[in-house]
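# Fold and contact review
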Amino acid sequence: MLFVQEVDIWYRKDVRYPEYANIRNAMKFIPIKTDNVNPDCDVFYQCSNFMQSPDDIHTCHEYYRKFGEEIFTVGSRNRLQNYKNLINNIRVLREDGNYKIMFCDDHFYDRDDCFFDNRLSTPKRHGRNEGYWDNNSPFSYTDVVNQTAFTLSPNQYGRVQYNDRYVTCYTDIWYYCICTLNFINCDKNKFREKMFFRKVPDYEYKNMQYLKYC
């Protein structure tokens, strides 16, 4: 099965300086609270959100989610449906005992999206779109990133990292975020507190934008 851990660190421009950036960049994985957690599913997902201030990095929110066969899809053109049923900016496709991990710019936080009308985002990312000529792809004929990050064989570890910035319409306050997702293809009997504690993964994919601080 596939284990996924997402670590999102939010911050504002008052901690944009190198000493704070070094702390953010060093935080790529965290322990799993395994008490009363049963990873009996196809894909087990842990998401942890943190906020960095000049004083420290504080935990904001953490949750776990179990996915079944429904996650093994390229998604649809309905962004809200993708947001509810998939992992943000990620597609997972199962190929025998392997898992293909794709990075796709879903662009959930869009100024024209009524569901997220209180947030604005940076423009879409540009790059290789593997589904450009595929009429069945939700990314067909679109200038947006949609590419394979890596394929994990059994007992392999991969990492995806990207960043972004957002602003609330009502406050005009800009927030920045570094998102790190760790993936492990292994049997569920290897589920343990520090299963993601590995500094160098087998594969690593980065899509880091230059973020202008507003």
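Everything below is about the structure printed above this text.
A short tour of the structure in this document, coming up. Just so we're clear, the structure is a prediction, and the values are computed from it rather than from any experiment. (Residues numbered from 1 in each chain as written. Predicted model: local features only at pLDDT ≥ 70, side-chain atom pairs only at ≥ 80, totals over all residues. Heavy atoms only, no water.)

## Regarding the overall build of the protein chain
Counting its regular elements, the protein chain contains 2 helices and 10 strands. For the protein chain, the α and β elements follow one another from N to C terminus as β-α-β-β-α-β-β-β-β-β-β-β. At 17 Å, the protein chain has a C-alpha radius of gyration in line with the 17 Å of a compact globule built from 214 residues. Principal axes of the C-alpha set define a box for the protein chain whose edges measure 45 × 45 × 30 Å. Total accessible area computed for the protein chain in this model is approximately 11,200 Å², and 46% of it derives from carbon and sulfur atoms. Distance between charge centroids for the protein chain: 3 Å, based on 29 positive and 29 negative side chains. (Helix = DSSP H or I, 4+ residues; strand = E, 2+ residues; numbered from the N terminus. Rg over C-alpha atoms; globule rule 2.2 N^0.38 Å. Areas by Shrake-Rupley, 256 points an atom, 1.4 Å probe, with all protein chains shown as cover. Lys, Arg positive; Asp, Glu negative; His and termini not counted. Charge placed at Lys NZ, Arg CZ, Asp CG, Glu CD.)

## Quick notes on unusual backbone geometry
Phi at Asn89 is positive, roughly 65 degrees, even though this residue is not glycine. Overall, Asn89 belongs to the buried group, its relative accessible area being 6%. The phi torsion at Asp96 lies on the positive side, around 60 degrees, for a residue other than glycine. Along the polypeptide, Asp96 turns up in the loop between β4 (90–95) and β5 (98–104). What makes Asp96 exposed here is its relative accessible area of 77%. (Buried < 20%, exposed > 50% of the residue type's maximum accessible area, 1.4 Å probe, protein only.)

## Notes on the sheet that holds β4
Strand order across the open sheet formed by 3 strands is β4-β5-β7, with antiparallel pairing between neighbours. At either end of the open sheet lies a strand with only one pairing partner, and these are β4 and β7 (146–152). On average, adjacent strands in this sheet sit at an angle of 25 degrees to one another, irrespective of strand direction. Relative to β7, β5 is paired through 6 bridges, and the arrangement is antiparallel. In the sheet register, Lys100 faces β7, and the bridge partner there is Thr151. (Pairing = 2+ DSSP bridges. Axes fitted to C-alpha atoms, helices over the stretch in contact; angles between N-to-C directions.)

## Side note on helix α1 (residues 18–26)
Residues lying three or four places apart along an α-helix face the same way, a consequence of the helix completing one turn every 3.6 residues. Buried within α1 are the following residues: Tyr20, Ala21 and Arg24. On an axial view of α1, the arc spanned by its buried residues comes to 100 degrees, and they lie on one face. Of the exposed residues in α1, the ones pointing more than 90 degrees away from its buried face are Pro18, Asn22 and Ala26. In this structure, the buried residues of α1 make contact with β1 (2–11), β2 (43–52) and β9 (174–185). (Arc of directions from axis to C-beta. Contact = heavy atoms within 4.5 Å.)

## As for the state of the cysteines
A complete count under the given rule lists 0 disulfides for this structure. Counting only cysteine sulfurs, Cys186 is the nearest neighbor of Cys41, a cysteine outside any disulfide, at a range of 12 Å. The class of Cys41 is buried, set by a relative accessible area of 18%. Free cysteine Cys60: the closest other cysteine sulfur is in Cys177, separated by 10 Å. (Disulfide = S-S within 2.5 Å.)

## Some details on the pattern of salt bridges
Counted under the stated rule, the structure contains 8 salt bridges. When the shortest N-O distance is used, the salt bridge between Glu62 and Lys33 registers 3.9 Å. Residue Glu62 is located in strand β3 (residues 57–67), and its partner Lys33 is located in the loop between α1 and β2; the two are separated by 29 residues in the primary sequence. Owing to a relative accessible area of 25%, Glu62 belongs among the partly exposed residues under this scheme. (Salt bridge = Lys/Arg side-chain N within 4 Å of Asp/Glu carboxyl O.)

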